[in-house]
Amino acid sequence: MIKNITENGNYKTVHLADQTALRQIVEEVVNQTPVIDIHTHLYAPEFGKLNLFGIDEILTYHYLVAEMFRYTDIKPEKFWQLTKEQRAELIWKTLFVENTPLSEASIGVLTILKELGIDPNTTDLKEIRQFFKAQNITEYVSRIFEISGVSEVIMTNDPFDAEETEIWERNLALNKNFHAALRMDRMLNNWKTASVEMKQAGFAVEEKLNDKTIRETRRFLDKWINKMKPLYMAVSLPDDFSYFANDTRNQLIQKVVLPIAEEYELPFALMIGVRRSVNPALRVAGDGVGRADVKSLEKLCAESPDVSFLATFLSRENQHELCVSARKFSNLMPFGCWWFLNNPSIISEITRERIELLGTSFIPQHSDARVLEQLIYKWKHSRKIIAESLFENYEKLLKIGRFVSRKEIERDVKRMFSGNFQNWIKPLTKKAAVENNG
Ligand code: HDL
Ligand code: ZN
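Everything numeric in this text was worked out from a predicted model, so none of it was measured.

Asker: Give a detailed account of the coordination of the zinc ion (ligand 2), specifying residues and quantitative values.
Answerer: Coordination of the zinc ion (ligand 2) by the protein comes from His 39 (NE2), His 41 (NE2) and Asp 368 (OD), over a distance range of 2.0 to 2.1 Å. When the donors of the zinc ion (ligand 2) are listed by position in the chain, the intervening gaps give H-x1-H-x326-D. In this pair, His 41 sits in the loop between β3 (35–37) and α2 (55–59) while Asp 368 sits in the loop between α16 (344–358) and α17 (374–400), placing the two residues 327 residues apart along the sequence. Residues His 41 and Asp 368 agree in their burial class; the two are buried.

Below, the structure written as structure tokens:
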């Protein structure tokens, strides 16, 4: 039963007076509120073959590659010699036919098939392939966004990736729902190689961080900021990242990245706790996780109060510490259940501890999608848990006798799904604007 209360005779506020109505409304609002997916590896259709979609890309997702190796005795070097289609066939046979698809990534594939109207009991990949081959990519992108409830996605854009920069140099008009993020991994984690590549691209940099190198590195970023119009700069950092060390990475952060962040009002996103190539034979599937030191993130936030930081960690234990840090620094926005945390049991724990410690002042999820259709399962699975977590807390209010209105629920979910991010990023201002009009 929903109590209709007329207040002051001016308007009627619907207050949810019992749990059944409340749960139904929370689920409805969470499922219908569009989300800005703030971190993906998707590319706008204009990037051609970098824009991955279809069943063979879905099945050869590196999460499934890693899982497949646990069931077969094929050696990685032999696996990598197979064609994309052959790898997809092997993964399908191994994880979906010979074994029950119970992992999050394999259930995700079946969620995609179901939401696209393909029978998840189909065993013949050739039949499934026909569906994807028939798609017109422009209409298909809109359809996938629609099914997923995604309004916009932020890409991951690497100024050191020749295949990608070649497309940027064409100055194409990109699909308006795809935005850039300037990825700094190669510059900050592999300066030795990055400085050589920057020099080859005409920037007078040396490995030694002298004044000229700093100036030229900032000019390099100026170029790519003006080219890509990123909404933020991002870097993934290893579990042993320490902002207390006087190393090259920290000097580049202090002398290049943070000044640029302030000058352009560009947020800086840190994704901390990855151990790259724990098993190199698995290639992109070979990375691992390590618990990181949250004190370094706190030092960054404390020393740069005018910079807006986005942050997430790869280790479950760090996520609780991140919530506490975010209570100390209002320039720190926690986001997402990253990679090995993007599993229902852990999304549940992280979302609940975030609501308990931060209310609605955080960004609950990003998809990290690499293949277009992954938006479907990553958001369907996450929305279910976000709705459950929110319901539990609204229900506490009802039990106290505090009414909850649909309008409040809509405001809260909109804040988490898009508002918090939109408030964090600002239209590229200052220098970039001048460059554009110069
Ligand atoms: O560094 C990152 O952005 C990670 O998300 C990696 O791309 C990782 O391989 C991944 O796809 N995780 O979901
Ligand atoms: Zn990622």
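Asker: Account for the sheet that holds β3, naming residues and giving values.
Answerer: Reading across the sheet, the 3 strands line up as β3-β4-β5 and stay open at both edges, with parallel pairing between neighbours. On the outer flanks of this sheet lie β3 and β5 (178–179), each paired with one strand and no other. Of the strands in this sheet, β4 (150–154) and β5 are in contact with helix α8 (residues 137–148), which crosses β4 at around 110 degrees. Sheet strands touched by α17: β3 and β4. Its angle to β3, the strand with the most contacts, is close to 125 degrees.

Asker: Break down the site of ligand 1 for me, citing the residues and quoting the values.
Answerer: Every residue near ligand 1 is listed here: His 39, His 41, His 62, Tyr 63, Arg 183, Ser 236, Met 271, Arg 276, Trp 338, Trp 339, Asp 368 and Arg 370. Taken by itself ligand 1 offers 330 Å² of open surface, and the protein chains cover 98% of this. Taking a 2 Å distance to the grid points as the criterion, the majority of the atoms of ligand 1 fall inside the largest pocket. A breakdown of the residues in the shell around ligand 1 according to their chemical character gives 4 nonpolar, 4 polar and 4 charged.

Asker: Talk me through unusual backbone geometry; I want residue IDs and the actual numbers.
Answerer: Even without being a glycine, Glu 265 presents a positive backbone phi close to 55 degrees. Residue position: Glu 265 is located in the loop between α13 (248–264) and β8 (268–275). Of note in this structure, Ser 277 is not a glycine but carries a positive phi near 55 degrees. Note that Ser 277 resides in the loop between β8 and β9 (288–289). Accessibility expressed as a relative area gives 40% for Ser 277, which makes it partly exposed.

Asker: Describe in detail the layout of surface pockets, supporting the description with residues and values.
Answerer: Volume-wise, the largest pocket comes out at about 1300 Å³. Looking at the largest pocket, it is lined by 43 residues, and the ones nearest its centre are His 41, Tyr 43, His 62, Val 284 and Arg 370. For the lining of the largest pocket, the secondary-structure elements that each account for two or more residues are α3 (62–69), α4 (76–81), α5 (84–97), α9 (162–168), α10 (185–189), β7 (233–238) and β8. Its residues assigned to classes, the lining of the largest pocket comprises 18 nonpolar, 8 polar and 17 charged. Two domains each put at least three residues into the lining of the largest pocket: domain 1 (32–44 + 155–395 + 416–424) and domain 2 (55–133). Computed from the structure, the second largest pocket encloses a volume of approximately 320 Å³. Forming the walls of the second largest pocket are 19 residues, and the residues nearest its centre are Tyr 63, Ala 66, Glu 67, Trp 339 and Phe 340. Residue assignment for the lining of the second largest pocket shows that the elements contributing at least two residues are α3, α6 (104–115) and α17. Looking at the lining of the second largest pocket, the element that brings in the most residues is α3, giving 4 residues. Of the residues belonging to the lining of the second largest pocket, the class tally is 9 nonpolar, 5 polar and 5 charged. Lining the lining of the second largest pocket are residues from two domains, each supplying at least three of them: domain 1 (32–44 + 155–395 + 416–424) and domain 2 (55–133).

Asker: I'd like a description of α6, backed by residues and values.
Answerer: Counted at 1.5 Å a residue, the expected span for α6 with its 12 residues is 16 Å, and the 16 Å between its end C-alpha atoms agrees. Counting buried residues in α6 gives 9 out of 12 residues, a clear majority hidden from the surface. Taken together, the buried positions of α6 are Glu 104, Ala 105, Ser 106, Gly 108, Val 109, Leu 110, Thr 111, Ile 112 and Leu 113. The inward-facing, buried residues of α6 abut α2, α3, α5, α7 (125–133), α16 and α17.

Asker: Give me the lowdown on the packing of aromatic side chains, citing residues and values where you can.
Answerer: Summed over the entire model, instances satisfying the criterion amount to 17 aromatic pairs. Ring plane angle 45 degrees and centroid distance 5.5 Å describe the contact between Phe 145 and Phe 178, whose orientation is recorded as tilted. In this pair, Phe 145 is assigned in helix α8 and Phe 178 in strand β5, connecting sequence segments 33 residues apart. Of the two residues examined, Phe 145 and Phe 178, each falls in the buried class. Site record: aromatic cluster; members linked through ring pairs are Tyr 43, Phe 47 and Trp 168. A cation sits over an aromatic face here: Arg 23 above Phe 391, 4.1 Å from the ring centre. Across from the ring centre of Phe 79, 5.8 Å away, lies the NZ or CZ of Arg 87, which sits over that ring.

About the cut-offs
Residues numbered from 1 in each chain as written. Chains lettered and ligands numbered in written order. Predicted model: local features only at pLDDT ≥ 70, side-chain atom pairs only at ≥ 80, totals over all residues. Heavy atoms only, no water. Donors = N, O, S within 2.8 Å, 3.2 Å for Na, K, Ca; no water. Helix = DSSP H or I, 4+ residues; strand = E, 2+ residues; numbered from the N terminus. Buried < 20%, exposed > 50% of the residue type's maximum accessible area, 1.4 Å probe, protein only. Pairing = 2+ DSSP bridges. Contact = heavy atoms within 4.5 Å. Axes fitted to C-alpha atoms, helices over the stretch in contact; angles between N-to-C directions. Near = heavy atom within 4 Å. Areas by Shrake-Rupley, 256 points an atom, 1.4 Å probe, with all protein chains shown as cover. 1 Å grid on protein atoms, 1.4 Å probe; cavity = no way out; pocket = protein on both sides within 12 Å on 5 of 7 lines; lining within 4 Å. Sits in = over half its atoms within 2 Å of the grid points. Nonpolar A, V, L, I, M, F, W, Y, C, P; charged D, E, K, R; others polar. Points joined across faces, edges and corners; volume = space filled by probe spheres on them. Domains from an automatic or database assignment. Expected span 1.5 Å × (residues − 1). Phe/Tyr/Trp six-rings, centres within 6.5 Å; stacked < 30°, edge-to-face > 60°. Lys NZ or Arg CZ within 6 Å of the ring centre and 35° of its normal.

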